[in-house]
Structure formats: structure tokens, C-alpha cells
Amino acid sequence: MLRLIYSKLVNAKERIHMSTHAIADHAGNYYEYYDVHNNSLNLLTIEYLDSVLKELEDLLAIILQDLDSDGLLTDEIEKHIGNIDISNIRELYSEDTKIFELARFDEEDYATEYLQEHAIEAYDEYLNSFQETAVQEAAEKKALLAYNAEQEVTNLLKVLSGLETDIEKIINLLPSSERNPNIDNTR
């Protein structure tokens, strides 16, 4: 079960990374960069990460309890599980962060609000001009939010990479159940 949640965590981290970074090709050399202008981080991505972290938090508590009751809990496993602080990770994308502000921003809503605020002026032959301005202002606002959130996003990705490493260590330390040679599932 921990391996499944581990793969979900890797997926959640990749979703964040892919929505905030791009790859450029310059003269045959590829490089990756934080993409301010095409940043697509949204609340669904953050909510997915949060649900994975909740699953992980619940499972780690169960693992600790089960290993302890079976007498299999080692100091090393306890130390690695104890090093994982899900609440601190959640703080990195809580409602008062720049990451959350970026994820919450909806360009369409922003452009629609702009048009509604300028409804009296945006009629007939002026409508196209106001629509272009609304879309441009929404894109600029999103780019500014992405620019402001860059350090927080970088930090979150770094912390999630560290969490992946901790989980890998825990998986490797967990006792494996022996395969029963008397069971044959192939028939």
C-alpha cells in the first residue's frame, strides 16, 4: 500500500512540476525553466497533492501501529517516519501562500470581471478591443502571480523530492512478507 501512495506522490509532484515548468530547445540543447507565462498550476493539482498527503499521513500512522503491535518496529523505521511532517508540507501551499494564490487564479473569471466592469464602454465596435485588453490583463496578472510564486513552488518541489526519498527508505526498511511456495495462483 505504501508503494501505491508513493507512486501517487510522485505523480502529484510531477503534476506540479509539469504545470509550472517548460522545456526549451536551443540549438539542440534542452533546458528546463520555470515558466511564468504559460503556468497552469490550478486548485485541482493542489487538491490532488493534498489528498495524497492525507492518505500518506493515515497510512504511516497505521504502519507505525501495526509494526509496533507485531514487535517489528525498529528505531530506524520510527526515525524515518518521525521525520515526515505532513502539516509542514501543507503549510507550503496553504491559503495564505503565493502558490495557493496562483492556483486559485482563474484567467477567464478575471477577464469576464474586467468586461463587466467596463460594460458601458465595451459595446459594438469597442467590444473586440475591450475583450483583447481583458484577456491581456488576465494573462499579465497570471504571469505576475506565477513570478511571485516561483520560490515557493521551487521549495515545495524540493520538499516533495525529500519526502519521496524518505518514503523510499521506509519501503526498503519494512519487513517483507515471505512468498509461500505452497500457493500456486497459475492454475
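Whatever comes next refers back to the structure up there.
Quantities reported herein were computed from a predicted structural model and do not represent experimental measurements.

Conventions adopted
- Residues numbered from 1 in each chain as written.
- Predicted model: local features only at pLDDT ≥ 70, side-chain atom pairs only at ≥ 80, totals over all residues.
- Heavy atoms only, no water.
- Patch = residues over 30% accessible without salt bridge, like charges linked within 9 Å, V, L, I, M, F, W, Y side chains within 5 Å.
- Areas by Shrake-Rupley, 256 points an atom, 1.4 Å probe, with all protein chains shown as cover.
- Salt bridge = Lys/Arg side-chain N within 4 Å of Asp/Glu carboxyl O.
- Lys, Arg positive; Asp, Glu negative; His and termini not counted.
- Charge placed at Lys NZ, Arg CZ, Asp CG, Glu CD.
- Helix = DSSP H or I, 4+ residues; strand = E, 2+ residues; numbered from the N terminus.
- Buried < 20%, exposed > 50% of the residue type's maximum accessible area, 1.4 Å probe, protein only.
- Phe/Tyr/Trp six-rings, centres within 6.5 Å; stacked < 30°, edge-to-face > 60°.
- 1 Å grid on protein atoms, 1.4 Å probe; cavity = no way out; pocket = protein on both sides within 12 Å on 5 of 7 lines; lining within 4 Å.
- Points joined across faces, edges and corners; volume = space filled by probe spheres on them.
- Nonpolar A, V, L, I, M, F, W, Y, C, P; charged D, E, K, R; others polar.
- Expected span 1.5 Å × (residues − 1).
- Contact = heavy atoms within 4.5 Å.
- Polar contact = N/O pair within 3.5 Å; in protein donor to acceptor, adjacent residues only side chain to side chain.
- Core = buried A, V, L, I, M, F, W, Y, C linked by side-chain atoms within 4.5 Å.

What about a negative patch on the surface?
Then, in step 1: On the surface, Asp 106, Glu 107, Glu 108, Asp 109, Glu 113 and Glu 117 cluster together into a patch of negative charge.
Then, in step 2: With respect to the helices, strands and loops of the structure, Glu 108 is situated in helix H6 (residues 107-117).
Then, in step 3: Given the relative accessible area of 65%, Glu 108 is considered exposed.

Concerning the packing of aromatic side chains
Then, in step 1: With the rule as written, the count across this model stands at two aromatic pairs.
Then, in step 2: On the numbers, 6.1 Å between centres and 45 degrees between planes, the contact of Tyr 31 with Tyr 33 is tilted.
Then, in step 3: A relative accessible area of 46% places Tyr 31 in the partly exposed class.
Then, in step 4: Taking the centre distance of 5.3 Å and the plane angle of 55 degrees together, the rings of Phe 105 and Tyr 110 count as tilted.

Regarding the layout of surface pockets
Regions of empty space are outlined by a rolling probe, equal in size to a water molecule, passed over the atoms.
Then, in step 1: Taken as a whole, the largest pocket holds about 170 Å³ of empty space.
Then, in step 2: Every residue lining the largest pocket is listed: Met 1, Leu 2, Arg 3, Leu 59, Ile 63, Ile 171, Leu 174, Pro 175 and Ser 176.
Then, in step 3: Elements supplying a minimum of two residues to the lining of the largest pocket: helix H1 (2-20) and helix H2 (43-69).
Then, in step 4: A breakdown of the residues in the lining of the largest pocket according to their chemical character gives seven nonpolar, one polar and one charged.

Description of H1
Along an α-helix, a turn takes 3.6 residues, which lines up residues three or four apart on a common side.
Then, in step 1: The terminal C-alpha atoms of H1, which comprises 19 residues, lie 27 Å apart, in line with the 27 Å expected from a rise of 1.5 Å per residue.
Then, in step 2: Leu 2, Ile 5, Tyr 6, Leu 9, Ala 12, Lys 13, Ile 16, His 17, Ser 19 and Thr 20 are the residues of H1 that are buried.
Then, in step 3: Tucked inside the fold, the buried residues of H1 contact strand S1 (21-26), strand S2 (29-34), H2 and helix H7 (127-173).

Side note on the side chain of Ser 19
Then, in step 1: Tracing the chain through its elements places Ser 19 in helix H1.
Then, in step 2: From its side chain, Ser 19 meets the backbone oxygen of Ile 16 in a polar contact 3.0 Å long.
Then, in step 3: Not counting chain neighbours up to four residues away, the residues in contact with Ser 19 comprise Asn 38, Asn 39, Ser 40 and Leu 41.

Here's the deal with the nonpolar core
In a soluble, globular protein the nonpolar side chains are often hidden away together inside.
Then, in step 1: Residues Leu 2, Leu 49, Leu 156, Leu 163 and Ile 167 are the most contacted members of the largest nonpolar core, which totals 41 residues.
Then, in step 2: Put simply, the parts of the chain that give this core at least two residues each are H1, H2, helix H3 (75-83), helix H4 (86-91), helix H5 (98-104) and H7.
Then, in step 3: Beyond its immediate stretch of four places on either side in the chain, Ile 167 contacts Leu 2, Tyr 6, Leu 9, Leu 56 and Ile 84.
Then, in step 4: The next biggest cluster of nonpolar side chains, apart from the first, holds five residues, and it includes Ala 111, Tyr 114, Phe 130 and Ala 134.

In short, geometric facts, not functional conclusions.
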